[in-house]
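Report on the structure
In case you want the letters, here they are:
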Amino acid sequence: MKNFIYMKKSHPILKIFYSSLMNLPTPASISFMWNMGSILGICLLIQIISGLLLTMFYTPHIDLAFYSINHINRNVNMGWFIRMMHANGASMFFFFTYLHISRNLYYNSYLLTPVWFSGIIIFFLLMATAFMGYILPWGQMSFWGATVITNLFSVIPYIGNEVIQWLWGSFSISNPTLNRFFMLHFLMPFIITLFIFIHLILLHLTGSSNPLSINYNIDKMPFHPFFTYKDMLGFNMLFIILLSLMMWNPYFLGDPDNFIMANPMVTPIHIQPEWYFLFAYAILRSIPNKMGGVLALLMSILILFMKPFLFNKKLKGNQFFWLNKIILFNFYFNFIILTWLGMCLIEYPYMQLSQFFTITYFSYFLISPYISFFWNKLLMSN
C-alpha cells in the first residue's frame, strides 16, 4: 500500500490519474442527476465494444446486409445478445443524454460555457452516428429514412443536388451509400471519444457545477470514494434497465418495417425515424416549406448554443423561482409531446398540434431571459 501511494505521487501517469479523478475536488451538494455524465461514458463503452464485435459478422452490401443481420441474430453464438445490446444501448445513450441536458438546463450548468459548447458538439456527433447506424440493417425503414434525411440537403442553394449525389456516391441510394455510412459509423465513436476527453478536460478546468449554481470552493470533497460509489449506483441502474429491455421486449423501441428487406419500389405507409429523433422530425414536418422545415430542424439543436448568452450571469438561484420552473417543465412537456407527434400520421389534428408545440418549444428560449430579468427585479425589491 505504501508503495502504491509512493508511485501515485511520483509516476507521471498515476499522478495525473490521481489528481484528475481520485482526488478531484467535487462539490459536496451535487445530487444523483450529476451521475449522467459517467453513465454516458459507460454507454459509449458498451456501444464501441458491441459495435466492434458486430463488425466481425456484418457485410456492408445492399444484397447481403439484411441477411448478415439475420445471421448474427440466429447463427452467431450470443449474436442476438450483442446485437440487441447495441440497438437498445443506442436508446439508453440518448435517454441519459436527454436527462443530462435537462439537468444542465434546470441548474444553469450551461454557464460553464466551454463545457456546454463541447457537450452540444458531442450531441451533434452522436445524432449523426446514430442516424448512420440506423441505415446499416438495410430494412424498409432504414432505407426510406436515409432517403428522407439525405434529401434534406437539396435545400442548399445551387449545390444541393451535387451534395446529395456526393453523399450517395451514385444517382440513388445504393451500395456506395451503404459502404460510406458503414465506414463513418465505425469511425465516429472514436471521434466522439476524442471530444469527450476534451469535454472532461474543460470540465476539470472550470470545475463542476452544483445545485445552487454558486462557486463555493470550501464545501468540496475528493471524488473518491464519495462519488465513485454513487456512480456505481448509476451503472447498476443502467444495466438493470438495459438488460430488462433486452430480455423481455428487445424490439419494443424498434420499427416493424425494419423486419422487411429494403425495397426501393415500395414506400412504407408512414416513414418515421427512431424515437430519439422524433421531436426534431415533428418540428421538420410541422412547417410546410421545405427550407423552413430544415432550418427549424437545425435550430432545434443549434439554439442550445444560445442559452448561455440569454442568461444574466450575475443572477444566481433563479432555478428555484416558481415561474422559471413552470416554463422549464413546460419545455420538457413540449419535448415529450413532440416526440409523440413525430410518430403520428401527417393529418388533422396532429399537424396542427405539431405546429403549436413547435412554437412553444422555441418560445422557451425567447421567454427565459425575461423570466431572469423579472427574477432580478424581484430580488432587488426585496
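See above for the structure.
Below: a short report on this structure. (Residues numbered from 1 in each chain as written. Predicted model: local features only at pLDDT ≥ 70, side-chain atom pairs only at ≥ 80, totals over all residues. Heavy atoms only, no water.)

Observations regarding the side chain of His270
What counts, and what does not: Per the convention used, a helix needs a DSSP run of H or I reaching at least four residues, while a strand needs a run of E reaching at least two, with both numbered from the N terminus. We define a polar contact as two N or O atoms separated by no more than 3.5 Å, with the added condition that, inside protein, one atom must be a possible hydrogen donor and the other a possible acceptor, whereas residues neighbouring each other in sequence contribute only through side-chain atom pairs. Residue contacts follow a heavy-atom distance rule, with two residues in contact if any of their heavy atoms lie within 4.5 Å.
The topology assignment puts His270 in the loop between helix H10 (228-248) and helix H11 (278-286). Within the structure, the side chain of His270 is placed 3.2 Å from the side chain of Gln272, a separation counted as a polar contact. A distance of 3.4 Å separates the side chain of His270 from the backbone oxygen of Cys344, its partner in a polar contact. Those residues in contact with His270 that lie beyond four places of it in its chain are Met141, Arg285, Gly342, Met343, Cys344 and Leu345.

Structural notes on the packing of aromatic side chains
Centre-to-centre distance and the angle between the planes together describe a pair of aromatic rings. Applied cut-off: Planes of paired rings set the category: under 30 degrees apart is stacked, over 60 is edge-to-face and the rest tilted, where pairs are Phe, Tyr or Trp rings (Trp by its six-membered ring) whose centres lie within 6.5 Å. Accessibility here uses a 1.4 Å probe with only protein chains present; expressed as a share of the type maximum, an area under 20% marks a residue as buried, one over 50% as exposed, and anything in between as partly exposed.
Under the definition given, this model contains 37 aromatic pairs. Seen in terms of ring centroids, Tyr98 and Phe123 are 5.9 Å apart; in terms of plane orientation they differ by 80°. Their pairing is edge-to-face. In this pair, Tyr98 is assigned in helix H5 (residues 79-106) and Phe123 in helix H6 (residues 113-135), connecting sequence segments 25 residues apart. Considered together, Tyr98 and Phe123 belong to a single accessibility category, that of buried residues. Ring centres 6.1 Å apart and planes at 85° place the aromatic pair Tyr98 and Phe279 in the edge-to-face group. Of this pair, Tyr98 sits in helix H5 while Phe279 sits in helix H11, placing them 181 residues apart in sequence. Since its relative accessible area comes to 13%, Tyr98 is described here as buried. For Phe279, a relative accessible area of 2% corresponds to the buried category.

Remarks on H6
Each α-helix winds once per 3.6 residues, and so residues spaced three or four apart point in a common direction. Worth spelling out the cut-off: By definition here, a helix of n residues has an expected span of 1.5 Å times n minus one.
Taking 1.5 Å of rise per residue, 23 residues should cover 33 Å, and H6 covers 34 Å from first to last C-alpha, within 8% of that figure. Buried residues dominate H6, accounting for 17 of its 23 residues.

Describing the nonpolar core
Formally: We define a nonpolar core as any set of buried Ala, Val, Leu, Ile, Met, Phe, Trp, Tyr and Cys residues linked to one another through side-chain atoms lying within 4.5 Å.
Core analysis: the largest hydrophobic core is formed by 95 residues, its most contacted members being Phe94, Leu105 and Phe279. Sequence-distant contacts of Phe94, that is, excluding residues within four places in its chain, are made with Phe123, Leu126, Met127, Ala130, Trp275, Tyr276 and Phe277.

Comments concerning a nonpolar patch on the surface
Going by this rule: Here, patches come from residues exposed beyond 30% relative accessible area and free of salt bridges, joined within 9 Å for like charges and within 5 Å for nonpolar side chains (Val, Leu, Ile, Met, Phe, Trp, Tyr). Only the protein chains shown count as cover for residues, and the accessible areas themselves come from Shrake-Rupley with a 1.4 Å probe. Salt bridge, as used here: a side-chain nitrogen of Lys or Arg that lies within 4 Å of a carboxyl oxygen of Asp or Glu.
A cluster of nonpolar side chains, contributed by Leu52, Met183, Leu184, Phe186, Leu187, Phe190 and Ile191, occupies part of the molecular surface with about 560 Å² of accessible area. For Phe190, the location among the structural elements is in helix H9 (residues 175-206). With a relative accessible area of 42%, Phe190 lands in the partly exposed category.

Details of the environment of Ala90
Here Ala90 is to be found in helix H5. Residues Ala90 and Cys43, spaced 47 residues apart in sequence, show a C-alpha to C-alpha distance of 7.9 Å. With residues up to four places along the chain from it excluded, the contact list for Ala90 reads Gln47 and Tyr276.

Observations concerning the side chain of Asn104
Mapped onto the secondary structure, Asn104 falls in helix H5. When sequence neighbours within four positions are dropped, the list of residues in contact with Asn104 reads Ser109, Tyr110 and Trp116.

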